[in-house]
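# Residue-level structural notes
What follows is the residue order along each chain.
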Amino acid sequence: MDFIFVEALRVKARVGIYPRERVVDQPLELNLTFGVPDAAAERDDIADTIDYAKVIERIRAELGERQFNLIETLGEFVVKLLFDEFGAPWVKLSIAKIGIMKDVHRVGVFIQRAKDGQTPPDYPGGSGMPG
C-alpha cells in the first residue's frame, strides 16, 4: 500500500468543553497519513488515488461548520470522512490545539485506524507522529 501525507495543516475549529473554547474558533494543526491504491503510481492518473487537495478542502469546510466537545471526537470525524467519502483504507492522524494553555505549545491526540477493523499496516513514520 502507498501512502499520502499532509503535514502541519492549519485549520480553525470550535472544539472544547470550556466556555472560552466554545465561543471562538481556535487554531488546530493536523498531520494526516492515509493509504491509497497502488494503482495510482502504476497508471499515473489522479482518478486512481485520493486527491489531497480535495481532502484538505473538505476537512476545512466541515471543521469550520461544526462544534466538538472533545478533540478525540473531532479526530474520529476526520477519520470517518476519509473512510466514507474518500475510500481511504487506513488513516493515521494527529490533531493538536495550539497555544491553548499557558506554557504549553500543543495539546492533542494521535489516532490510527484501518477501515472495517482490519489491522493497520506497519508504516514507519511520517507526519510527525510516533511510529
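Details of the structure are given in the entry above.
What you see is a predicted model, and the numbers here were worked out from it, not measured in a lab. Along every chain, residues carry numbers that run from 1 in the direction the sequence is written. Under the rules for a predicted model, residues below a pLDDT of 70 receive no local features and side-chain atom pairs below 80 are neither given nor counted, while totals for whole chains, interfaces and linings still include all residues. Computation of side-chain values covers all heavy atoms of the structure but excludes hydrogens and water.

## Focus on a nonpolar patch on the surface
Each patch is assembled from residues with relative accessible area greater than 30% and no salt bridge, linking like charges that lie within 9 Å and nonpolar side chains (Val, Leu, Ile, Met, Phe, Trp, Tyr) that lie within 5 Å. For every accessible area listed, the method is Shrake-Rupley and the probe measures 1.4 Å; residues are considered covered only by the protein chains on display. Here, a salt bridge means any side-chain nitrogen of Lys or Arg that lies within 4 Å of a carboxyl oxygen of Asp or Glu. A contiguous nonpolar patch, built from Ile-17, Tyr-18 and Leu-70 and spanning about 300 Å² of accessible area, is present on the exposed surface. In this description a helix means any DSSP run of H or I spanning at least four residues, a strand means any run of E spanning at least two, and both kinds are numbered starting from the N terminus. Inspection of the secondary structure assignment puts Leu-70 in the loop between β3 (67–68) and α4 (71–84). Each residue gets one of three labels from its accessible area relative to the maximum for its type: buried under 20%, exposed over 50%, partly exposed in between, using a 1.4 Å probe on protein chains only. The class for Leu-70 is partly exposed, based on a relative accessible area of 42%.

## A word on the pairing of strand β2 (residues 26–36)
Among the eleven residues of β2, ten are classified as buried, and the element is accordingly described as predominantly covered. Sheet topology places β2 next to strand β4 (residues 90–101); seven bridges connect them, and they run antiparallel. For Phe-34, the partnering residue across the bridge sits in β4 and is Val-91. For two strands to count as paired, DSSP must find a minimum of two bridges between them.

## Quick look at the nonpolar core
The biggest cluster of nonpolar side chains holds 31 residues, and the ones touching the most others in it are Leu-30, Leu-32, Phe-34, Leu-74, Val-78 and Leu-82. At the level of secondary structure, the elements contributing two or more residues to this core comprise β1 (2–15), β2, α3 (52–65), α4, β4 and β5 (104–114). With seven residues, α4 is the single largest residue contributor to this core. The definition of a nonpolar core used throughout is a set of buried Ala, Val, Leu, Ile, Met, Phe, Trp, Tyr and Cys residues joined through side-chain atoms within 4.5 Å.

## A word on the packing of aromatic side chains
Side-chain rings of Phe, Tyr and Trp (the six-membered ring for Trp) are treated as a pair once their centres are within 6.5 Å; stacked means planes under 30 degrees apart, edge-to-face means over 60, and tilted covers the remaining angles. Summed over the entire model, instances satisfying the criterion amount to two aromatic pairs. Ring geometry for Phe-3 against Trp-90: centres 5.0 Å apart, planes inclined by 75°, an arrangement best described as edge-to-face. With a gap of 87 residues between them, Phe-3 in strand β1 and Trp-90 in strand β4 connect regions that are remote in the sequence. Look at Phe-3 and you get partly exposed, because its relative accessible area is 24%. On the numbers, 5.6 Å between centres and 55° between planes, the contact of Phe-68 with Phe-77 is tilted. Overall, the relative accessible area of 8% leaves Phe-68 in the buried class. Looking at Phe-77, the relative accessible area reads 21%, which means it is partly exposed.

## Remarks on the pattern of salt bridges
In this structure the tally under the stated criterion is eleven salt bridges. The residue Glu-85 makes a salt bridge to Arg-58 at a minimum N-O spacing of 2.6 Å. Here Arg-58 lies in helix α3 and Glu-85 lies in the loop between α4 and β4, a separation of 27 residues in the sequence. In this structure, the salt-bridge partner of Glu-76 is Arg-113, at a minimum N-O distance of 2.5 Å. Of the two residues, Glu-76 is situated in helix α4 and Arg-113 in strand β5; the sequence distance between them amounts to 37 residues. The structure contains a network of salt bridges with shared partners spanning Arg-58, Glu-62, Arg-66 and Glu-85.

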